[in-house]
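Each chain is listed here by its residues.
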Amino acid sequence: MQRGDLVPDEITIEMFMEELSHPAAAQGAILDGFPRTVAQAQALDATLAGRGERIERVISIEVPVEELVARVAGRRVCPVCGTPYHLVGDPPRVPGRCDLDGAELQQRDDDRPEVVRARLAKQVLPMLEVLEHYDRAGIVTRVDGTQAIETVTRQILASLREGS
């Protein structure tokens, strides 16, 4: 990890299974961003099957790449107090200035459009392969993530109710 390498799948799954054994997870868990590869998905499936469990529902919140780039690239943060803003969704009252202390807002280096595009270019294909893996099991629900947050939330909750 110190070299920037990913944590091996076996360790990640072992940590996840440990968390699942706690009482707080007795009714299940929601995974966000894991598994990221088909190999991780297969290892997770096998580990869960060994415990008589399985992934019940996969929800894919689908948003066009350029909209994702715009959403991330629009984020700004106050370097003094840490207050987050978004140029479109939650802008400061005075453009470029923190509402609380007037400091000039900054964009994190990893929120720059070119960095976001590069990150997505690496992540999208493996993610699509994981979706295909779970699609074959018939447990994927796709939600249009360009809709209002309330609509997306309603659709996700309805999907979870259907799956239980």
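Look above for the structure.
The structure reproduced in this document is the subject of the present report. (Residues numbered from 1 in each chain as written. Predicted model: local features only at pLDDT ≥ 70, side-chain atom pairs only at ≥ 80, totals over all residues. Heavy atoms only, no water.)

### Looking at the nonpolar core
Nonpolar side chains in soluble globular proteins tend to be buried together. Going by this rule: Buried Ala, Val, Leu, Ile, Met, Phe, Trp, Tyr and Cys residues form a nonpolar core when they are joined through side-chain atoms within 4.5 Å. The rule is simple: take the accessible area with a 1.4 Å probe, protein chains only, and divide by the maximum for that residue type; under 20% is buried, over 50% is exposed, in between is partly exposed. The helix count covers DSSP runs of H or I at least four residues long, the strand count covers runs of E at least two residues long, and both are numbered beginning at the N terminus. The contact criterion used throughout is that any non-hydrogen atoms of two residues lie within 4.5 Å.
Counting 16 residues, the largest nonpolar core has M17, L20, L44, L48, I55, V58 and Y134 as the members making the most contacts within it. Mapped by element, the contributors of at least two residues to this core are α1 (9-20), α2 (38-50) and α4 (113-135). Element by element, the count of residues in this core is highest for α1, at four residues. Beyond its immediate chain neighbours, meaning those up to four positions away, V58 contacts L131, Y134, I139, V140 and T141. By size, the runner-up hydrophobic cluster in this structure holds five residues, among which are C78, Y85, C98 and A103.

### Brief notes about the state of the cysteines
Quick reminder of the rule: Any two cysteine sulfur atoms within 2.5 Å of one another count as a disulfide.
Overall, the coordinates contain zero disulfides when judged by the stated rule. Free of any disulfide, C78 has its nearest neighbouring cysteine sulfur in C98, separated by 3.7 Å. Residue C78 is classed as buried on the basis of its relative accessible area, which comes to 2%.

### Notes on the pattern of salt bridges
Pairing is possible between side chains of opposite charge, provided their charged atoms come close. Rules: Counted as salt bridges are all cases of a side-chain nitrogen of Lys or Arg within 4 Å of a carboxyl oxygen of Asp or Glu.
Taken as a whole and assessed by the stated rule, the structure comprises ten salt bridges. As a salt-bridge pair, E66 and R117 come within 3.0 Å of each other at their nearest N and O atoms. Placement of E66 in helix α3 (residues 65-73) and of R117 in helix α4 is noted, with a sequence separation of 51 residues between them. On the basis of relative accessibility, which here comes to 46%, the residue E66 falls in the partly exposed class. Note on R117: relative accessible area 37%, which makes it partly exposed. Between R108 and D110 there is a salt bridge, and its shortest N-O distance comes to 2.6 Å.

### So, the environment of T47
Spelled out, the test is: N or O atoms within 3.5 Å of each other form a polar contact, as long as, within protein, one can give a hydrogen and the other can take it, and as long as residues adjacent in sequence are counted only when both atoms are side-chain atoms.
Looking at the element boundaries, T47 is found in helix α2. It is 8.2 Å that separates the C-alpha atoms of T47 and M17, two residues lying 30 residues apart in sequence. Residues within four places of T47 in sequence aside, it is in contact with I13 and M17. Within polar-contact distance, the side chain of T47 engages the backbone oxygen of A43 at 2.8 Å.

### Focus on α4
To be explicit about the condition: Multiply 1.5 Å by the residue count of a helix minus one, and that product is the helix's expected span. The reported bend at a residue is simply the angle between two axes, fitted to the 7 residues ending at it and to the 7 residues beginning with it.
Taking 1.5 Å as the rise per residue, α4 with 23 residues should run 33 Å; its terminal C-alpha atoms sit 31 Å apart, in good agreement. Remark: the principal bend of α4, roughly 30°, maps to Q123, with a proline, P126, within the next four residues. Burial in α4 covers these residues: V116, L120, V130, L131, H133 and Y134.

### Topic: the packing of α3 against α4
Note the threshold: Fitting a line to C-alpha atoms yields each axis, with helices limited to the stretch in contact; the angle taken between N-to-C directions then spans 0 to 180 degrees. Orientation labels follow simple angle bins: below 35 degrees gives roughly parallel, above 145 gives roughly antiparallel, 65 to 115 gives roughly perpendicular, and whatever is left gives oblique. By definition, any crossing whose near helix is turned counterclockwise from its far helix by less than a right angle is left-handed, and any crossing with a clockwise turn is right-handed.
Closest axis-to-axis distance for the α3/α4 pair is 9 Å, and the angle between their directions is 135°. Classified by the angle their axes make, α3 and α4 are oblique. Along this stretch, α3 crosses α4, giving a crossing that reads as right-handed. Contacts between α3 and α4 involve V65, E66, L68, V69, V72 and A73 from the former and P113, V116, R117, R119 and L120 from the latter.

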